[in-house]
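Per-entry structural report
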Amino acid sequence: MINIAIDGYSSCGKSTLAKQLAKSLHYIYIDTGAMYRAVALYALQNGFIDNGEPNMQRIELALPELMVEFKINPESGNTEVHLNGQPVEALIRYTHIASLASRISQNRMVRDKLQYWQKQMAQRKGVIMDGRDIATVIMPDAELKIFMTANPQIRAKRRYEELKAQGKQVSIEEVEAEQKLRDFQDTNRKEDPLRQHPEAQVLDNSNLTPEQQLALVLQWIQALTKFQ
Ligand code: C5P
């Protein structure tokens, strides 16, 4: 068994790939973005957002009360995020939560708390983690490091279709603007910005179907584990 670190821009299909790999290889999938989204939800539920801006002082003070963990959904077999014991997987999949998560994830104390849990979960083998700092900070020893990217228009269109299918009311322009802002913030922040690790294999899936993408990465894994 190996560990797989997947980093990349927003809405690049990181979680699609991670879930496919977890199913094919019987590995555990940890969605670290869901943890930052859960903190954003917590801030929203507790009134720590003033005029759309997260109040970082109040969030920092509340951090000791915060518990984010993953549990396996027995029906789907997927790992799902829980906030202080409550399942919140569906509640965090909104664009306003993603935007708040991108602002809150700039905070060092928030990152320290979530990264501590992430590093604990990465201590075993057979883990697939996706996020922005997985190869650079959380799993620098992961045998396979993937940096995902795709054409921004294609990404926005895919995301828009996905949100529409879920019955969420958004325009493609809104999706594109949110994606652009988030990529800018995640790449330019001071704390653990999104960076391509020097050992990472780049996966541009602009013109790949999910099936083609999975087949390609399984080939990479086969090549890596051939002599193990
Ligand atoms: O991956 P996802 O889009 O769900 O992540 C939501 C936000 O959480 C990102 O825009 C980013 O700001 C933050 N994040 C992070 N580090 C990670 C994963 C996510 O800063 N490892």
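This write-up is about the structure you can find in this document. (Residues numbered from 1 in each chain as written. Predicted model: local features only at pLDDT ≥ 70, side-chain atom pairs only at ≥ 80, totals over all residues. Heavy atoms only, no water.)

What follows is about the site of the ligand. Lining the immediate surroundings of the ligand are 15 residues, of which Arg37, Arg111, Asp133, Asp186 and Arg189 lie closest. In this structure, Ser105 approaches the ligand through a side-chain N or O atom, which is 2.9 Å from an oxygen atom. Between the ligand and Arg111 there is a distance of 2.8 Å, counted from an oxygen atom to a side-chain nitrogen or oxygen. Its free accessible area being 450 Å², the ligand has 96% of it covered by the protein chains. Of the residues forming the shell around the ligand, the biggest block, four residues, is contributed by helix 2 (residues 32-45). Here the shell around the ligand is built from residues that sort into three nonpolar, five polar and seven charged. (Near = heavy atom within 4 Å. Polar contact = N/O pair within 3.5 Å; in protein donor to acceptor, adjacent residues only side chain to side chain. Areas by Shrake-Rupley, 256 points an atom, 1.4 Å probe, with all protein chains shown as cover. Helix = DSSP H or I, 4+ residues; strand = E, 2+ residues; numbered from the N terminus. Nonpolar A, V, L, I, M, F, W, Y, C, P; charged D, E, K, R; others polar.)

A word on unusual backbone geometry. One non-glycine residue with positive phi stands out, namely Ser11, at about 55°. Structurally, the position occupied by Ser11 is in the loop between strand 1 (4-8) and helix 1 (14-25). The phi angle at Asn84 is positive, at roughly 45°, despite the residue not being glycine. Along the chain, Asn84 falls in the loop between strand 6 (79-83) and strand 7 (86-87). What makes Asn84 partly exposed here is its relative accessible area of 34%. (Buried < 20%, exposed > 50% of the residue type's maximum accessible area, 1.4 Å probe, protein only.)

With that settled, the discussion passes to the pairing of strand 6. In the case of a regular strand, side chains alternate between the two sheet surfaces. Most of strand 6 is tucked away: five of the five residues are buried. Along strand 6, one buried face is formed by Thr79, Val81 and Leu83 and the opposite face, lined by Glu80 and His82, is buried too. With five bridges connecting them, strand 5 (residues 68-72) and strand 6 associate as antiparallel partners. Pairing of Val68 across the sheet is with Leu83, part of strand 6. Between strand 5 and strand 6, which pair antiparallel one after the other, the connecting turn spans six residues, and Gly77 there sits at a positive phi close to 80°. (Pairing = 2+ DSSP bridges.)

We now examine the sheet that holds strand 9 (residues 144-149). The strand order across the open sheet formed by five strands is 2-8-1-9-10, and the pairing between neighbours is parallel. Strands at the two margins of the open sheet, each flanked by one partner only, are strand 2 (28-31) and strand 10 (201-204). Going across the sheet, the axis of each strand differs from the next one's by a mean of 20°, ignoring polarity. Sheet topology note: the strand 1/strand 8 (residues 127-131) ladder contains four bridges and is parallel. In the sheet register, Asp7 faces strand 8, and the bridge partner there is Gly131. Strands in contact with helix 1 are strand 1, strand 2, strand 8, strand 9 and strand 10; relative to strand 1, the strand with the most contacts, it is inclined by about 165°. (Axes fitted to C-alpha atoms, helices over the stretch in contact; angles between N-to-C directions. Contact = heavy atoms within 4.5 Å.)

Let's shift gears to helix 8 (residues 172-188). Turn by turn, an α-helix covers 3.6 residues, leaving residues three or four places apart pointing in a common direction. Taking 1.5 Å of rise per residue, 17 residues should cover 24 Å, and helix 8 covers 24 Å from first to last C-alpha, within 8% of that figure. Buried within helix 8 we find Val175, Glu178, Gln179, Arg182, Asp183, Gln185 and Asp186. Along the long axis of helix 8, the arc covered by the buried residues comes to 165°, so they all point the same way. Exposed side of helix 8, more than 90 degrees from the buried face: Glu173, Lys180, Phe184 and Asn188 are the residues found there. (Expected span 1.5 Å × (residues − 1). Arc of directions from axis to C-beta.)

A word on the packing of aromatic side chains. Counted according to the given criterion, the structure contains two aromatic pairs. With 5.8 Å between their ring centres and 80° between their planes, Tyr9 and Phe147 make a pair best called edge-to-face. Placement of Tyr9 in the loop between strand 1 and helix 1 and of Phe147 in strand 9 is noted, with a sequence separation of 138 residues between them. Classification of Tyr9 as partly exposed rests on a relative accessible area of 25%. (Phe/Tyr/Trp six-rings, centres within 6.5 Å; stacked < 30°, edge-to-face > 60°.)

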